[in-house]
Each structure stands twice: as structure tokens, then as C-alpha cells.
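Below, each chain spelled out in residue letters.
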Amino acid sequence: TVRVVVLLVIVAVLLGVIAVLVRRWAMRTRRRRGIPPVVVSVVDVVLADAEEQRAALLTGAPRNAIVRCWQRLEAAIEAAGHPAQPWETPTEVTASVLRREAVDESALAELLSLYREARFSNHELGEAQRAAAVAALDRLHLTMGGAQGETA
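Residues numbered from 1 in each chain as written. Predicted model: local features only at pLDDT ≥ 70, side-chain atom pairs only at ≥ 80, totals over all residues. Heavy atoms only, no water.

(A) Just the packing of helix α4 (residues 62–79) against helix α5 (residues 90–100), in detail. Relative to each other, α4 and α5 sit at 70°, their axes nearing to 9 Å. By the angle between their axes, α4 is roughly perpendicular relative to α5. Between α4 and α5, the contacting residues are W70, L73, E74 and I77 on the first element and P90, T91, V93, T94, A95, V97 and L98 on the second. Considered class by class, the residues forming the contact of α4 with α5 number eight nonpolar, two polar and one charged. (Axes fitted to C-alpha atoms, helices over the stretch in contact; angles between N-to-C directions. Helix = DSSP H or I, 4+ residues; strand = E, 2+ residues; numbered from the N terminus. Parallel < 35°, antiparallel > 145°, perpendicular 65-115°, else oblique. Contact = heavy atoms within 4.5 Å. Nonpolar A, V, L, I, M, F, W, Y, C, P; charged D, E, K, R; others polar.)

Have a look at this one:
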């Protein structure tokens, strides 16, 4: 059963990667032809991928899981029509777009901090960091869903 779960996770990740690559190709093609990118609801796109983001956090070593989760957020933001410009990193764009969605700022800051720690530090990350990332992601999703339909 563990092999089946691992296989399903691998297939889901591969499908996600293929979707991101197809989306990037389509956006580049649209830019070359002068067609503006299609912008869809960030909330809808991020929440549609919420289960996969959480699954990414719960699979594998904590360091890799946190990085994979954040990269899924980056892919969702790009898929929603917010690609990084040449002067930006996908991480900067993701954080900026999520802030505009009025998500829980402390949850976003915590998840971003954990991503940067996982991505750029040399020390080990453990289950405490994974648990903190899961809690931050859950709060981010909850506030995104709550932000829908509210007025600013």
C-alpha cells in the first residue's frame, strides 16, 4: 500500500509539472503573439490545488516537502496569470500576489520564512518545521477562502 501511495504522489507531481510546463509554454506563445495573459481568480486557482499543496508538505523529508509546497503555490500563482517578470523571482511574485488577496499575513510570513530556510539553509529541518508549515498553509487557505466575496 505504501508503494501505491508513493506511485500516486509521483503521478500527481508529474501531472502538476506537465500542467505548469504547458501553461508556461502557452503564456510565452501568447506574449510572442501580443495576446495579453488570461488572469483568473488567484483564490480559485490556489484553493483548487490546496489538497496537493498539503500533500506535498506531508510527503518526504521536511526540507523537500516545504520547498515542494511553496513551488506548488508559485505554479498556482503563475497559472492564475501572474508570471514573474524578468526582474522578479517567482517567490517575490507569489508573496506579493498572496498579500493582495488579504491572506493571513502571519501565515504567509511563516510559510515564506520556512520555505527560505528549507531552500537556502544548510541545517536539518525536522517535523516541527513541517508542522509549522502545515499550520501556516492551512491558515493561508482558510483566510483565502474567507477573503472571497469580502470587500476591501
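Don't stop here, the text continues.
(B) The arrangement of the nonpolar core in detail. The biggest cluster of nonpolar side chains holds 31 residues, and the ones touching the most others in it are V46, I66 and L98. For this core, the elements supplying multiple residues, two or more each, are α2 (42–48), α3 (50–58), α4, α5, α6 (105–120) and α7 (127–147). Of the residues forming this core, the biggest block, seven residues, is contributed by α4. Setting aside anything within four residues of it in sequence, one finds V46 in contact with Q53, L73, A76, I77, L98, H141 and M144. (Core = buried A, V, L, I, M, F, W, Y, C linked by side-chain atoms within 4.5 Å. Buried < 20%, exposed > 50% of the residue type's maximum accessible area, 1.4 Å probe, protein only.)

(C) Region of interest: α5. Along α5, the positions that sit buried rather than exposed are T91, V93, T94, A95, V97 and L98. Immediately downstream of α5, the backbone of A102 shows phi near 60°, a positive value.

(D) A look at the pattern of salt bridges. One pass over the structure, following the stated rule, counts five salt bridges. The salt bridge partner of R99 is E105, with a shortest N-O separation of 3.3 Å. On the accessibility criterion, E105 (39% relative accessible area) is partly exposed. The shortest N-O distance in the salt bridge between R139 and D104 comes to 3.5 Å. Of this pair, R139 sits in helix α7 while D104 sits in the loop between α5 and α6; the two residues are 35 residues apart in sequence, bridging distant segments of the chain. The partly exposed category is assigned to D104, whose relative accessible area is 23%. (Salt bridge = Lys/Arg side-chain N within 4 Å of Asp/Glu carboxyl O.)

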